[in-house]
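Structural characterization, general
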Amino acid sequence: MKVSLQGTATGARFPVPARFVALGDSLTEGLGDPVAGGGWRGWAALLAGALGERPDGVELVNLACSGAQTADVAERQLPLARELRPRFASLIVGANDTLRAAFAIERVTAALDRAHGALSADGAVVLTACLPDPGRMLGLPGPLARPLARRMHAVNTVVHAVSAHYQGVHLHLADHPWVTERASWSVDRLHPSERGHRLLARGFHTALTAAGLPVGPPPALALDGPPPTRAGSAVWMATRGTRWVADRCTDLLPGLLALALKECRHGVAGSGRLLDAAAERATRTALAALTEPGGAAPTEPGGALWKTAGTVKGAATMAG
């Protein structure tokens, strides 16, 4: 959605309102928080109403799209966002990358750095957050869950480092007990329920307030709709959930099974730490390749960005 300038009869023109542009995937699109008549609302819409000095004083443009990966955000959503010159921008993405056979933390890191750097350079306040481990949320068995957790750990470490590097506003979801509460998640167990979206919006509002940024009253926590039920969960899994698993299996399952076999072999040999060490080296290398604001890159793993990632409060703790 784009807003045109409004003019008076004398030809005077007024500036467009402040904007909050939301980039990302289905979490930011609002899945799990339906509205009457169809569609989704979500945490971004709830937060937008609390960002201005007066209610609804900040316009929301939600560019998030279900299934988006970090490259999609950097290549497709970012150019549109920059045209809108937002005062606030959110950049929450990465979970879908971990669910793809072609996952590479180097590409994830480069895409997040490109998007965050461009938005920050444009003067936007950029909001980020670490993400829960999809394997744990879905209740997958250990040999399947651990590779996904390792990937999510890497993504979260990068998100923390990049956000700190550009001085963004980062929400440490691992510090919030509601993340582990079933009522905070929708029937698919991957997207927040209305309650979860409201708590996420409230968390960002608190983080913005703590950063000294002017915001309005916090988003309300009172629910508009019914909470998720076990019956609803069963219906979802029997219909849309089965389709979701089938879609992911086409791309991920062969590779994930290979990862699970490797996990089992290392488990029997007692060498699982080698897999963790390899993932950490890849993450360090990806972060070391990022450029500093003046154009110079850290010369070795453990450079400025990696040290920042290691000292950020709660770094990557969502992944377990």
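Structure shown above.
Per chain, residues are indexed from 1 in the order of the written sequence. Local features in this predicted model are restricted to residues whose pLDDT is 70 or higher, and side-chain atom pairs enter the listing and the counts only when it is 80 or higher, whereas totals over whole chains, interfaces and linings include all residues. Each side-chain value is derived from all of the structure's non-hydrogen atoms; neither hydrogens nor water enter the calculation.

This next bit is on the nonpolar core. Put simply, buried Ala, Val, Leu, Ile, Met, Phe, Trp, Tyr and Cys residues joined by side-chain atoms within 4.5 Å make one nonpolar core. Exposure categories follow from relative accessible area, calculated using a 1.4 Å probe and restricted to protein chains: below 20% of the type maximum is buried, above 50% is exposed, and the middle band is partly exposed. Counting 62 residues, the largest nonpolar core has F20, W43, L47, I105, L173, L200 and F204 as its most contacted members. Contact between two residues is taken to exist if any of their heavy atoms lie within 4.5 Å; hydrogens are not considered. Apart from the residues within four sequence positions on either side, L47 is in contact with F20, L127, A201, F204, H205 and P219. If you look at the next biggest cluster of nonpolar residues, it comprises five residues, including L144, L148, L256 and A260.

Its identity is not glycine, yet R85 carries a phi of approximately 50°, on the positive side. The numbering of helices and of strands both runs from the N terminus, where a helix is a DSSP run of H or I of at least 4 residues and a strand a run of E of at least 2. For R85, the location among the structural elements is in the loop between α3 (70-83) and β3 (88-92).

Side-chain pairs of opposite charge can arise whenever the charged atoms involved come near each other. The term salt bridge refers to a pairing of a side-chain nitrogen on Lys or Arg with a carboxyl oxygen on Asp or Glu at a separation within 4 Å. Under the counting rule described, the total for this entry stands at twelve salt bridges. Across the pair R195 and E181 runs a salt bridge whose closest N-O atoms are separated by 2.9 Å. Of this pair, R195 sits in helix α8 (residues 194-210) while E181 sits in the loop between β5 (169-171) and α8, and the two are 14 residues apart along the sequence. The exposure class of E181 is partly exposed, given its relative accessible area of 33%. Notably, a salt bridge pairs D224 with R198, separated by 2.9 Å at the nearest N-O pair. Of this pair, D224 sits in the loop between α8 and α9 (230-269) while R198 sits in helix α8; the two residues are 26 residues apart in sequence, bridging distant segments of the chain. Given a relative accessible area of 57%, D224 falls into the exposed group. Ionic contacts of the salt-bridge type, sharing partners, join the residues D33, R41, E194, R198 and D224 into one network.

Relative to the elements of secondary structure, H205 occurs in helix α8. With residues up to four places along the chain from it excluded, the contact list for H205 reads L47, A50, V215, G216, P217, P218 and P219.

Ordered by their spatial adjacency, five strands build an open sheet running β2-β1-β3-β4-β5, and the pairing between neighbours is parallel. The outermost strands of the open sheet, each flanked by one partner alone, are β2 (58-62) and β5. Each strand axis lies, on average, 20° off the axis of its neighbour in the sheet, ignoring direction. Any two strands between which DSSP finds at least two bridges are classified as paired. When β3 meets strand β4 (residues 125-129), the two strands line up parallel, connected through three bridges. Residue A89 lies in a different strand from β4, and its bridge partner there is V126. Axis definition: a line fit to C-alpha positions, over the contact stretch in the case of helices; interaxial angles, taken between N-to-C directions, run 0 to 180 degrees.

The next subject is the packing of helix α7 (residues 142-165) against helix α10 (residues 272-288). As a packed pair, α7 and α10 sit with axes 10 Å apart at the nearest point and diverge in direction by 30°. As judged from the angle between their axes, α7 and α10 are roughly parallel. α10 is crossed by α7, and the crossing has right-handed handedness. Listed contacts from α10 to R150, A154, T157, V158 and A161 of α7 are G272, L275, D276, A279, T283 and L287. Classifying every residue of the contact of α7 with α10 gives six nonpolar, three polar and two charged. Roughly parallel means an angle under 35 degrees; roughly antiparallel means over 145; roughly perpendicular covers 65 to 115; every other angle is labelled oblique. Rotating anticlockwise by less than a right angle from the far helix to the near helix defines a left-handed crossing, while the corresponding clockwise rotation defines a right-handed one. Classification convention: Asp, Glu, Lys, Arg as charged; Ala, Val, Leu, Ile, Met, Phe, Trp, Tyr, Cys, Pro as nonpolar; all other residues, Gly among them, as polar.

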